[in-house]
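# Overview (structure and organization)
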Amino acid sequence: MRMQQDINKHSTNTPKKVLLSLHGFHSSPASLKAQQMQEYLAVHHPDILFLCPQLPVLPKDMWALISDIFKQYQHSEIAVMGSSLGGFLATKVEETYQVKSLLINPAVSPSLLFTKYAGEQVHPYLNERYDINNDYMQQLIELNVESFKSPENIWVLLQEEDEVLDYREALNKYQSCKITCEKGGNHSFLGFERYLTEIIGFLY
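The structure contained in this document is the topic of the report that follows. (Residues numbered from 1 in each chain as written. Predicted model: local features only at pLDDT ≥ 70, side-chain atom pairs only at ≥ 80, totals over all residues. Heavy atoms only, no water.)

### Topic: the packing of helix α1 (residues 32-44) against helix α7 (residues 196-203)
How two helices pack is summed up by the angle between their axes together with the distance between the axes. The contact between α1 and α7 brings their axes to 11 Å, and the two run at 75°. Our classification of the angle between α1 and α7 gives roughly perpendicular. Touching Gln36, Met37, Tyr40 and Leu41 of α1 are Leu196, Thr197, Ile199 and Ile200, all from α7. Looking at side-chain class alone, the contact of α1 with α7 contains six nonpolar, two polar and no charged residues. (Axes fitted to C-alpha atoms, helices over the stretch in contact; angles between N-to-C directions. Helix = DSSP H or I, 4+ residues; strand = E, 2+ residues; numbered from the N terminus. Parallel < 35°, antiparallel > 145°, perpendicular 65-115°, else oblique. Contact = heavy atoms within 4.5 Å. Nonpolar A, V, L, I, M, F, W, Y, C, P; charged D, E, K, R; others polar.)

Here's what the structure looks like:
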C-alpha cells in the first residue's frame, strides 16, 4: 500500500478534512499505526484525506515540510497525529495552528534524549547521512512547546512499558490535556487500532 500521498496531486481539489500523520525518529510512512489509520479512513471516512509524508532528517526541514502542508491545505480542516518524535512535532503543530492533535507515546525532551545518539547517523529509509550535533539539538529546542493555550485540543495515548521513553515525563507535561495511560504495552503503542473510531471523533 502506498503510504505517502502526493501532496501536489490534491492541490486542485481541496479536501474538506485532512489528517496529517507524523512518524517517529528514523521511521517512515509505512509504520503500522499509519497503515491502520489509512485503512480505517478508506473504509469509514473516505472524505478525510490522509497525509503521511516521509519526514526529512533535520528538525528544521521537518518543520518546513509541515508548514508547506498547512499552507497548501489552509482552507481545509486539518488535524494531526504524531508518534514519538512525531508527537513532539505534533505538539508544535497544535500550538502554532490551534488544531486538534493526537500524541502517541510522544517524546517530551528529544534534545536531551538524542544526546546518546550524538554523531553521524544514517537514516534507514532515506539512506541519508547526517550528524546529530549541537546544531541539530538547537533545532529541536526551537520547536519545543513549554505550555498550552488550548490543552483541550490534545489527546495523549501512553503505555507504561514504553521501552524508549519514560511515560511519566509525558504525564507531567500534558497533565492539562486528555490522557489515556495504559499499563503494559511498548513504545509502538500496542493495540492502537482499538482507538481508531474514538480518535476520529475527537479530532473532528
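### Notes on the side chain of asparagine 153
Tracing the sequence through the fold places asparagine 153 in the loop between α5 (134-142) and β7 (154-159). Apart from residues lying up to four places away in sequence, asparagine 153 is in contact with Glu94, Gln98, Val99, Lys100, Ser101 and Phe202.

### Remarks on the sheet that holds β7
Within the open sheet, the six strands sit side by side as β2-β1-β3-β4-β7-β8. Their pairing is parallel. Strands with a single pairing partner mark the edges of an open sheet, and in this sheet they are β2 (48-51) and β8 (178-182). The average undirected angle you get between the axes of adjacent strands in this sheet is 15°. Taken together, the six bridges between strand β1 (residues 17-22) and strand β3 (residues 77-83) define a ladder with parallel strand orientation. Bridged to lysine 17 within β3 is glutamate 77. Most of the contacts of helix α2 (residues 59-72) go to β1, to which it runs at about 175°, and overall it touches β1, β2 and β3. Against the sheet, α7 contacts β1, β2, β3, β4 (101-104), β7 and β8, and its axis sits at roughly 155° relative to β7. (Pairing = 2+ DSSP bridges.)

### Some remarks on the pairing of β4
What you see with β4 is no split at all: Ser101 and Leu103 on one side and Leu102 and Ile104 on the other are buried throughout. As defined by bridge partners, β3 adjoins β4 across four bridges and the pair is classed as parallel. Within the sheet, the bridge partner assigned to serine 83 lies in β4 and is isoleucine 104. Handedness of the crossover joining β3 and β4 through helix α3 (residues 85-97): right-handed. In the sheet, β4 pairs with β7 via four bridges, with the strands oriented parallel. Along β7, the bridge assignment pairs serine 101 with isoleucine 154. (Buried < 20%, exposed > 50% of the residue type's maximum accessible area, 1.4 Å probe, protein only. Right-handed = clockwise from strand over helix to strand, strands pointing away.)

### Digging into unusual backbone geometry
Of note in this structure, glutamine 98 is not a glycine but carries a positive phi near 55°. With respect to the element layout, glutamine 98 can be found in the loop between α3 and β4. Under the relative-accessibility criterion, glutamine 98 is labelled partly exposed at 36%. Positive phi outside glycine occurs at phenylalanine 189, with the angle close to 65°. Here phenylalanine 189 is to be found in the loop between β8 and α7.

### Thoughts on the packing of α2 against α3
One way to put it is that α2 packs onto α3 with a least axis distance of 11 Å and a crossing angle of 45°. Looking at the two axes, α2 sits oblique to α3. Handedness of the α2/α3 crossing: right-handed. In contact with Met62, Trp63, Ile66, Ser67 and Phe70 of α2, α3 contributes Leu85, Leu89, Lys92, Val93, Thr96 and Tyr97. For the contact of α2 with α3, the residue count by class is eight nonpolar, two polar and one charged. (Left-handed = near helix turned anticlockwise from the far one by under 90°.)

None of the figures reported here should be taken as evidence of function without further support.
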